[in-house]
Amino acid sequence: MTATDMLPANDMLWLALVVLGGSLVAVLIVLGVVVARLRGAERKIEERESSHESVLDRLQENEYRLRTIIESEPECVKLQAEDGTVLEINPAGLRLVDANQPADLIGRKIYSVVAPEYIDIYRENMRRVFAGEAVVYEFRAITLKNRVAWMETHAAPLRDARGNIYALLGITRDITEHKQAEEQARRHQTELARVARLSTMGEMATGIAHELNQPLSAIANFSRGCIRRLRAGGMSPLELIEPLEEVCDQAERAGDILRHVRDFVRKSEPHLKPMDVNQIVRAVIKFTEHEARQQRTLVRLNLDPQLPKVAADAIMIEQVMVNLVRNAIEAMSEANSPRREIAIQTRLLESDSVEIEVADTGPGIDGSLIDQVFDQFFTTKPEGVGMGLAISRSIIESHGGRVRAESSRDGGAILRFNLKISQQQVHRRERADSIHS
Amino acid sequence: MNEPTVFIVDDDQAVVRSLRWLIESVKVRVETYASAQSFIDDYDSAMSGCLVLDVRMPGMSGIELQERLAAQRIRIPIIFITGHGDVQMAVRAVQAGAFDFVEKPFNDQDLLDRIQKAITRDTEQRDKEAYRTQLRALFASLTPREREVLDLVVEGMSNKAIANSLGLSAKTVEVHRAKVMDKMHARSVSDLVKMSMQNQPPA
């Protein structure tokens, strides 16, 4: 049974009105809600739109500000992708590589302006930046106009919001002038060293000239004596044989001198052999005996007889020793020292070396000069060149040893140097030890 | 016996032999020494000639030998041979009285000329020295009175003035004067004057 069955006809009309009215109200309400909702949404959209605009503005402002800073930055600022593609670069950067417009570089690989020999270094540094490191590196650049320049780049990774590295931020400056100054300083050093070597060569040349003069004079004298006799006549040619043989001998002597010079020049590297230090000292004493006696200088030896052999070029070490002994003799005679003694001592150091000490009873070394005595051209002698100790030091250092100077308590100078014990000797000792054990 | 000799002192034996060979080619006697000391030990100042010395020698240097000889008043002329860069030393040696120097390498004629001149100088010096010795002997042969007469004759005094001055007779003065002329081997008063002047000890 339905409601209409149970209600009279006018009631039906009423009901219909109520239903209609109710429906209408409901529809209106729904409409209202919808409208209201729509209105709200609209408002929210409006609100949202207006805030979005201000953020964009601010971002733009920021970017503009940053861009202005970067554009006006006097040093090159650039962004690079991991593969080396230049993403952005400021005008200073373009100028740095002689580019006319951004397109000359942006979108291209940075390697086009890196000197070939530095590309690997550059790549490695890029790799480190994309691994998260901040780095500084130098490289030689070849600009778009083929100008060569030295560059230094400070590079750091740029990360996006999620922390992923998406670019390298590099600030690069031209350090060519700095490099040139450095290079000049280095060249100056080399030049100094060369001058120093030349002056040693100069001394050597004087020595060679003196040495060569002897056989050359003899050759001239013998030959001219022969010519004069031949001109005068009345002599047997057989008489000329002996002087002519002398000429040949003297020519050979001159040749030997030159050969020595050649050997000396060739032999800049020490030829290390196991040597007995005490034997070297004794040989040197023989060389300098005469001078020592002339200057009334007493030489005392205190040599450890148990020393192992050292790795040394005997001739070079002799040179050093002669130098030290001569210096001592000269220092004492020039200072007119009343007591003139040189004490030469050899001893085993705890480390793997043997020490040789030359001590004198002369005026000693002024404390303020002690650091300079090994410098080239440093001399206290009126006619000194200031090469002796400098050469001695370089010889000792080429042997892996060290040389030091100091003043002794009673005023004289002490010079010490050490030489490494010969490894061949060490091996032999070890072998001997293992046999004994 | 006392033939002028070139004494060579040099430690380089080849140089010494070559110098001997060269110098003997002009018929000059040569003696060689390997060191200044051996020369000093051997040298007799009566031996004439000249000395050829290397400036630089181990032991006593040429310069030192020169000093030693000067100290002993040995006046043999010295020619120094100098090596490379020793010219200053040679100049000092010449200032100290060395005869001359040659720089190595030298021209043989230069050296031989200098040797010849040095020998001539030595001969002259020795002749002068011998003459002085002779003079001294002549003067020594005079009696004190004769010497007095000679001094006054040389001053240009007449016999009469001398007689007055010495309180002698003119006749006695004349005898003394004749004796002096005879003893001094003088032919004239001017000879006597010359000899008196030459008898002054050398400065």
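Residues numbered from 1 in each chain as written. Chains lettered and ligands numbered in written order. Predicted model: local features only at pLDDT ≥ 70, side-chain atom pairs only at ≥ 80, totals over all residues.

Looking at the overall build of chain B
Reasoning step 1: Across its full length, chain B holds nine helices and five strands.
Reasoning step 2: Along chain B, helices (α) and strands (β) appear in the sequence β-α-β-α-β-α-β-α-β-α-α-α-α-α when read from the amino end.
Reasoning step 3: Expressed as a percentage of its 203 residues, the buried residues of chain B come to 29%.
Reasoning step 4: Pairs at least 24 apart in sequence give 62% of the contacts found in chain B among residues at least 6 apart. (Helix = DSSP H or I, 4+ residues; strand = E, 2+ residues; numbered from the N terminus. Buried ≥ 20, exposed ≤ 12 C-beta atoms within 10 Å, placed from the backbone. Contact = placed C-beta atoms within 7 Å.)

As for the overall build of chain A
Reasoning step 1: A tally of regular secondary structure across chain A gives ten helices and twelve strands.
Reasoning step 2: Looking at chain A as a whole, 24% of its 437 residues qualify as buried.

Some words on the environment of valine 310 of chain A
Residues and elements named next belong to chain A.
Reasoning step 1: With respect to the element layout, valine 310 can be found in strand β8 (residues 310–312).
Reasoning step 2: Judged by the 27 C-beta atoms lying within 10 Å of it, valine 310 is buried.
Reasoning step 3: When the C-alpha positions of valine 310 and valine 354 are compared, they lie 7.1 Å apart, and in sequence the two are 44 residues distant.
Reasoning step 4: In this structure valine 310 touches Met275, Val277, Val354, Leu419, Lys420, Ile421 and Ser422, once residues within four positions along its chain are discounted.

With respect to the interface of chain B and chain A
Reasoning step 1: Tallying the contact residues gives 17 residues for chain B and 20 residues for chain A.
Reasoning step 2: Looking at the side of chain B that touches chain A, the element that brings in the most residues is helix α1 (residues 13–24) of chain B, giving seven residues.
Reasoning step 3: Its residues placed into classes, the side of chain B that touches chain A shows eight nonpolar, five polar and four charged. (Nonpolar A, V, L, I, M, F, W, Y, C, P; charged D, E, K, R; others polar.)

Quick look at helix α8 (residues 314–334) of chain A
All names here are of chain A.
Reasoning step 1: A rise of 1.5 Å per residue sets the reference length of α8, with its 21 residues, at 30 Å; its end C-alpha atoms lie 30 Å apart and thus fit the reference within 8%.
Reasoning step 2: The set of residues buried in α8 consists of Met316, Ile317, Val320, Met321, Asn323, Leu324, Val325, Asn327, Ala328, Ile329, Ala331 and Met332.
Reasoning step 3: Once α8 ends, the next one or two residues include asparagine 336, with phi positive near 55 degrees. (Expected span 1.5 Å × (residues − 1).)

Re the sheet that holds strand β2 (residues 29–33) of chain B
Residue and element names in this part refer to chain B.
Reasoning step 1: The strand order β2-β1-β3-β4-β5 describes an open sheet built from five strands, whose pairing is parallel. In this open sheet, the two edge strands, each paired with only one partner strand, are β2 and β5 (100–103). The mean angle between the axes of side-by-side strands here comes to 20 degrees, regardless of whether they run parallel or antiparallel.
Reasoning step 2: Examined bridge by bridge, strand β1 (residues 5–9) and strand β3 (residues 49–54) share five bridges and lie parallel to one another. Following the sheet pairing, isoleucine 8 is matched in β3 by valine 52.
Reasoning step 3: Of the strands in this sheet, β1, β2 and β3 are in contact with α1, which crosses β2 at around 170 degrees.
Reasoning step 4: Relative to the sheet, helix α5 (residues 108–140) contacts β1, β3, β4 (78–82) and β5, its axis offset from that of β3 by approximately 135 degrees. (Pairing = 2+ DSSP bridges. Axes fitted to C-alpha atoms, helices over the stretch in contact; angles between N-to-C directions.)

Some details on helix α8 (residues 170–183) of chain B
Residues and elements named next belong to chain B.
Reasoning step 1: Taking 1.5 Å per residue as the helical rise, α8 with its 14 residues ought to reach 20 Å, and the 20 Å between its terminal C-alpha atoms agrees with that figure.
Reasoning step 2: Those residues of α8 that sit buried are Val173, His176 and Val180. Down the axis of α8, the sector holding all buried residues measures 65 degrees, keeping them to one side. Exposed and oriented more than 90 degrees from the buried face of α8 are Lys171, Ala178 and Asp182.
Reasoning step 3: The elements touched by buried residues of α8 are α6 (144–154) and α7 (159–166).
Reasoning step 4: Once α8 ends, the next one or two residues include histidine 185, with phi positive near 50 degrees. (Arc of directions from axis to C-beta.)

Things to note about the sheet that holds strand β4 (residues 148–159) of chain A
Residue and element names in this part refer to chain A.
Reasoning step 1: A sheet is described by the order of its strands in space; here five strands give the open sequence β2-β1-β5-β4-β3, paired in antiparallel fashion. A single partner strand is all that each edge strand has here, and the edge strands are β2 (86–89) and β3 (135–142). Taken pair by pair, the neighbouring strands of this sheet meet at an average axis angle of 30 degrees, ignoring direction.
Reasoning step 2: Two strands pair when backbone bridges link them, and β3 and β4 are joined in this way by eight bridges, in the antiparallel orientation. Along β4, the bridge assignment pairs tyrosine 137 with threonine 153.
Reasoning step 3: Docked against the sheet, helix α4 (residues 119–130) engages β3, β4 and β5 (165–174), running at close to 145 degrees with respect to β3.

Brief notes about unusual backbone geometry
All names here are of chain A.
Reasoning step 1: A positive phi angle is found at asparagine 146, which is not glycine, with a value near 65 degrees.
Reasoning step 2: Secondary-structure assignment places asparagine 146 in the loop between β3 and β4.
Reasoning step 3: Of note in this structure, arginine 296 is not a glycine but carries a positive phi near 50 degrees.
Reasoning step 4: Tracing the chain through its elements places arginine 296 in the loop between α7 (277–294) and β7 (298–303).

Looking at the packing of α6 of chain B against α8 of chain B
Residues and elements named next belong to chain B.
Reasoning step 1: Between α6 and α8, whose axes approach to 9 Å, the crossing angle comes to 90 degrees. Looking at the two axes, α6 sits roughly perpendicular to α8. Contacts from Arg145, Glu146, Val149, Leu150 and Val153 in α6 reach Val173, His176, Arg177, Lys179 and Val180 in α8.
Reasoning step 2: Residue classes in the contact of α6 with α8 are distributed as five nonpolar, one polar and four charged. (Parallel < 35°, antiparallel > 145°, perpendicular 65-115°, else oblique.)

Notes on the nonpolar core
One broad trend across soluble globular proteins is that nonpolar side chains are buried collectively.
Reasoning step 1: If you look at the biggest cluster of nonpolar residues, it comprises 41 residues, and the most contacted ones within it are Val277, Val310, Met321, Val325, Ala328 and Val358 of chain A.
Reasoning step 2: Put simply, the parts of the chain that give this core at least two residues each are α7, β8, α8, β9 (341–348), β10 (353–360), α9 (388–398), β11 (403–407) and β12 (413–420) of chain A.
Reasoning step 3: With ten residues, the top contributor of residues to this core is α8 of chain A.
Reasoning step 4: Beyond its immediate stretch of four places on either side in the chain, valine 358 of chain A contacts Leu324, Val325, Ala328, Ile342, Ile344 and Leu415 of chain A.
Reasoning step 5: Ranked by size, the runner-up nonpolar core spans 39 residues in total, among them Phe7, Val15, Leu65 and Ile78 of chain B. (Core = buried A, V, L, I, M, F, W, Y, C linked by C-beta atoms within 7 Å.)

Some remarks on the confidence of the model for chain B
Reasoning step 1: On average, residues of chain B score 88 in pLDDT, and 97% of them reach the 70 mark or higher.
Reasoning step 2: Our summary of model confidence lists the complex with pTM equal to 0.45 and ipTM equal to 0.78. (pLDDT = per-residue confidence, 0-100.)

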